[in-house]
Structures are given as structure tokens and as C-alpha cells.
Amino acid sequence: MCISCYKLIRMRKMYGVVVLLVFVAQLCDGFYLPGSYMHTYSNGDSILAKVNSLTSIETELPFSFYSLPYCKPLEGIKKSAENLGELLMGDQIDNSAYRFRMNTNESLYLCTTSPLNEHEVKLLKQRTRELYQVNMILDNLPALRFAKQNGVTIQWTGYPVGYSPPNSNDDYIINHLKFKVLVHQYEGNVMEVIGTGEEGMGVISEADKKKALGYEIVGFEVVPCSVKYDPEKMTKLHMYDPVPSVNCPLELDKAQIIKEHERITFTYEVEFVRSETRWPSRWDAYLKMEGARVHWFSILNSLMVIVFLAGIVFVIFLRTVRRDLTKYEELDKEAQAQMNEELSGWKLVVGDVFREPQLSKLLCIMVGDGVRITGMAVVTIVFAALGFMSPASRGMLLTGMIILYLFLGIAAGYAGVRLWRTVKGTSEGWRSLSWSIACFFPGIAFVILTVLNFLLWSSNSTGAIPISLYFELLALWFCISVPLTLFGGFLGTRAEAIQFPVRTNQIPREIPERKYPSWLLVLGAGTLPFGTLFIELFFIFSSIWLGRFYYVFGFLLIVLLLLVVVCAEVSVVLTYMHLCVEDWRWWWKAFFASGSVALYVFAYSINYLVFDLQSLSGPVSAMLYIGYSLLMAIAIMLSTGTIGFLTSFYFVHYLFSSVKID
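Residues numbered from 1 in each chain as written. Predicted model: local features only at pLDDT ≥ 70, side-chain atom pairs only at ≥ 80, totals over all residues. Heavy atoms only, no water.

An unreviewed UniProt entry annotates the protein as Transmembrane 9 superfamily member originating from Brassica rapa subsp. trilocularis. Database annotation for the protein, UniProt heading Sequence similarities (unreviewed entry): "Belongs to the nonaspanin (TM9SF) (TC 9.A.2) family." (UniProt positions renumbered as here; feature names shortened; annotations may be inferred.)

*Asks:* If you had to explain the packing of helix H7 (residues 360–385) against helix H15 (residues 587–595) to someone new, which residues and values would you point to?
*Replies:* Remark: H7 packs on H15, axes separated minimally by 11 Å, with the N-to-C direction vectors making an angle of 35°. Regarding H7 and H15, the two cross each other, and that crossing is left-handed. Between H7, through Leu362, Leu363, Met366 and Val367, and H15, the contact on the second element is made entirely by Trp587, Trp588 and Phe591. Its residues assigned to classes, the contact of H7 with H15 shows 7 nonpolar, no polar and no charged. (Axes fitted to C-alpha atoms, helices over the stretch in contact; angles between N-to-C directions. Helix = DSSP H or I, 4+ residues; strand = E, 2+ residues; numbered from the N terminus. Left-handed = near helix turned anticlockwise from the far one by under 90°. Contact = heavy atoms within 4.5 Å. Nonpolar A, V, L, I, M, F, W, Y, C, P; charged D, E, K, R; others polar.)

*Asks:* Residue-level account of the packing of aromatic side chains, with values.
*Replies:* Tallying each qualifying case throughout the model produces 36 aromatic pairs. Judged by centre distance (6.2 Å) and plane angle (70°), the ring pair of phenylalanine 179 and tyrosine 268 falls under edge-to-face. Of the two residues, phenylalanine 179 sits in strand E13 (residues 176–185) while tyrosine 268 sits in strand E17 (residues 265–274), which places them 89 residues apart along the sequence. The burial state of phenylalanine 179 is the same as that of tyrosine 268; both residues are buried. Aromatic pair tryptophan 588 and phenylalanine 592: ring centres 5.8 Å apart, planes at 20°, arrangement stacked. Of this pair, tryptophan 588 and phenylalanine 592 both sit in helix H15, 4 residues apart, which is roughly one turn of the helix. Taking the relative accessible area as the measure of exposure, tryptophan 588 reaches 14% and is therefore buried. By relative accessible area, phenylalanine 592 is classed as partly exposed at 23%. Aromatic ring contacts, followed pair by pair, group Phe446, Phe454, Trp457, Tyr470, Trp477 and Phe478 into a single cluster. Seen from the ring of tyrosine 132, arginine 127 lies directly overhead, with NZ or CZ sitting 5.3 Å from the centre. (Phe/Tyr/Trp six-rings, centres within 6.5 Å; stacked < 30°, edge-to-face > 60°. Buried < 20%, exposed > 50% of the residue type's maximum accessible area, 1.4 Å probe, protein only. Lys NZ or Arg CZ within 6 Å of the ring centre and 35° of its normal.)

Put into C-alpha cells, the structure is as follows:
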């Protein structure tokens, strides 16, 4: 009896394990990393399109879709749930009146507006001349539009609010949309569990490949048109009544003009087209990488800079430093004492090289925040390069960066307080330092974003951060970031202090006069890291300000690694050069030798504004651009400066730990 029970239990366990393994295998087979979950539709299923904020590359001020007199859905306007990144980027995704039925080609009527008043006409004309785009979304795919310019087909996302013919003061609204929805018939493996015996033994088999009656959306294209309708005739129709299909007219007299007392009729037609594109590849049309050769040229250029600097560092270490140390150590004590009187260069500043720098607390604060920003950038780019930060998940990149920044407060507090202990020789004041680290860069960002937010509020833009989100950000700051930074600082007080290899003299050594300020060399050193970065900056700026997708994170990861190496090498070389001329105040110079790249990044952003964003109009748009560029430059300065400083610190520590001197 007991043996039968044991066999039954054992068989049930085996059955459960087999079912679990098959289930996991099915999950692994269907898992797709870079995108969201697949949604299949049956014939006739309703598909609802959504609308995002109106955007323009001329103003960079997003506005709500329903700020213009467009047709509203019968069930009313409903906002989609948005994450933190979407809110900060100014996205406002609402439902729309556009609805489709799977594999049903149709041409439908939406609505006819009431006669346009003066305010609506002014607003429509303004949005048209500022090149605002309507951004529609279907099954999480943005609408694609293809246009020809100078014989070249250009791909855009969204469609314009209207257009203004050349040599004309009239404006025409886009009121008819021709949609093309690309669908792929889904074919999946259907699992069956059959045949359970008396003892519970399960037999699991895989059915033959059965075609599931489902279709997945793999493309969404739109052709915008302007069509003049007879409003008296069209007002007799109801929403979603069929209307004849139309061809986009080329003559202006058949287009819908924007002027007072005009009644605008909105219609659309949809065509479903079978496509061989599979669901995991549907974003390829949006993420086509352009300028691959330029990316590789940038990387090759950076590698040449790295090899050049590595050669200099090699000479410093193996020929100069090693030779001097070997000669010094081979002498007896009397000869060393005599040689000390004849020493020159870096060996003369033994008693001053680890003297506390000016504004040491500020240096510790900036290094702590630099560690946090660098860690955030590295982890974010690595995850993006692996495919976790998909453009299908809107706002995910920015949300992930904020979360990483909050939790890396532990690393910031630890690095800042440990450096403080090393410089001061005591942990006294670590709480004040940790608070300063937690508030330094976030405080700068808060001030800049508040000023920019007032500009957005004054323009009634959806890019303005809501008051409720302000309180949420403050709660994240003071309830997560500050406590974690304090905890990191506490860990820094418990860590073993870094001991200086030589003692510091009581009286500082006089620094010889130089023909030119040493800061000129420090500021000029930033050109080398900038040479590694500037080509990739062009693509990043184009993505941010020209509404293009940026998804070459593999290249960006390589450039980031090269940038880290260049910053480290530049800082070490500059530090050694200053020590050789008996300048022992190397701390801040080591930080800004690599951190000065931020000046060139900001100067490049101004150059990009003047020469590449000539369409950007209005003082508000320019101030938004400059404000965001300034914030980015400060973050780059803290990150690159920290990389250079920490490398130089360990270089100097290693260099003077090899000197045996009383």
C-alpha cells in the first residue's frame, strides 16, 4: 500500500517537472527582449489608435493634440497611464477617434467642426507655420510618413498639422488621412496535454503547427491629404459612416483652406496589407542605422588618440620614472642624502604633493557626484546596448536613469566621504559632506528645470512638469537619494583610510614662476577627450532635437569606454607634467584636465544651435535648448573630471610610494 502511494507521489512529481520544463521552454522560445509583449488580433477585431503630443523641430514646445479643433472620441478623452520618463519628456498620450477593424479596408467619416473662430484660425495657422507634427500610435508603433525631397525619399514619424504653399499667404489643414497597416499572420505552436492514466502519469505532446487565427501589426504608415468637402452634405453623416475613397488632390482649389467661418470635415481611410516582416523585426524600419562608417571613423580616430597618449604614459612609467627610481634606490643613504640636495622635478615636491588642496570639501562633493553620474551612464548604456531599453517602451530610458541615479547615492556617499577622510585624516563632518553630495547636482538640476518649467508653463506646453510630479520628484530626492547617500557616507567612515606614502611638510614649498598660466594647458587638454566624443554628439543631438530615433547604443558603449581611457591618460600626463615643474597643486588640475571637455561640449551645443538648428525659432525655444545643454555639460564635467582625478590620485600615490625618503 505504502509502495503504491510512494510510486504515485513520485510519478506526480515527475509529471509536474515535465510540465514545468515544457512551460519554461515555451517562454524562452517566445521571449523577445527589445520590445513589448506581442498582441494578436482576429479578423474584425477593433484596433484603437492613440495620439501623442504635437511636436515641432522649430520650437521644441510640445502641445496637446486636442488643443486644436480635432474630432474627439465618442467616449470622451482619456489619458493613457504614463511613466516618469514620459512625463518628464512632455509626452501626453490620449485616445483618439480613429479606430480600425482588423483586415477591413474602409473609408470613414469622423466629424465636421463648427465654424472656425478667430482664435482657432490663428492657432491652426501658427501650428502649421511652425511645422508641428501630429504623432499617432497604433499598437505601440508610431505612424510613419514618407516624403520625397530632391529625389531622395525621407522617412518621418507623424504627419504635419497643415502646409503653407510657397509664395502664398494661405495655409491648408490636413483633414484626410490614408492609413496603411502592415500585418503578419501569426503562426504558433499549440501545446496539448493528453492521456492521463489511473496513476496520474501525464503524456505531453506538441501538436502539429497550427495556424492561429491571429494577426500581428508590424507596420503603420500614413499619407496626409487636404480635401475640401461640402459641409452641408457632410454634417448629415454620423461618425464612422462610410464615405467614398478620395485621391489626394494636387490643386489648391480642392484643398481645405484655414480661414474664419470655415467648417472642416475630417475623414480617413485604412488599408490592411500582408507583410513578411515578423513582429520582433517591426521596429527595424524606425531604427535604421545611418552613417555607420562615420561611427567607425570616430572610433578609429579615438583609438589613434589613445595609442598616442598610451605611448606617452609608457615613456613616463618605463623610461623616466622607473629609471629615476632605480638610480635612487641603488645609492646608499649618504649618497641619497647628497642626491636629495641635487634633485629636480617631481622628486622635489615629495613633502608637498599630498598637501590638502583648496576647497577640499567641494572637490569631495564633485567627485562623489561624479562617481554616481558615471555609474549611472555606464549601467544605462550597457543595458541599452543589450536591448533592455527599447524605444517601444517610451520613457523607459529616462526612468531607468533616474532610478539608477537614486540608488547609486550609496556609491556617491562612500566615494566622497572616503576621499574626505583621506584628505583630512578624520571622519569629522561626514554628515554635512554627505548632505552636500546628495544636494549638489540635483540642486543644480532642480534650479535649471524650474526656470525652464516656468517658460513652458507660460507657453501652455505639455512639456511643463505638473505640480504633482514636482512633489513626487522631491519625495524621491529626500526620501530615497538623501538617505542612501548618508548610508554610503557612513560606510565610507567605516572603510579603511587611504594612507599617504610620504609625510607632508609643515611649510609649503614655493612654486617656481612660469611663463604662462598652467590652467591654459589644463583647459587645452579637454580637446583630446572631446575628439573622442564629438562625432557621436552629433547623432545624439539630432536624436534629441530633430525627433530622430537613436538606437546605436553599441557604438555609444564603445565610445564611452574609449572616453574613459582618454580621460584617464590625459589626466595622468598633465599631472606628471605639473609635478615635473615642481607644481604640487595637482588636485584640481587633475580634475579639470579631463573635466574641461565639458566646455567644448557646451561650445559645440551652441555651434549646433547656430548652424544645424537654424529652424529653431523664438527666445523660449533657444533658452530651453541652452538650459538642457548646460545641464548635460555639467553632468559630463563631473563624470569625466572624476575619472581623471581618481586615475591621477592613484598614479601619484603609486609614484611616491616607490620613493624611500625620511
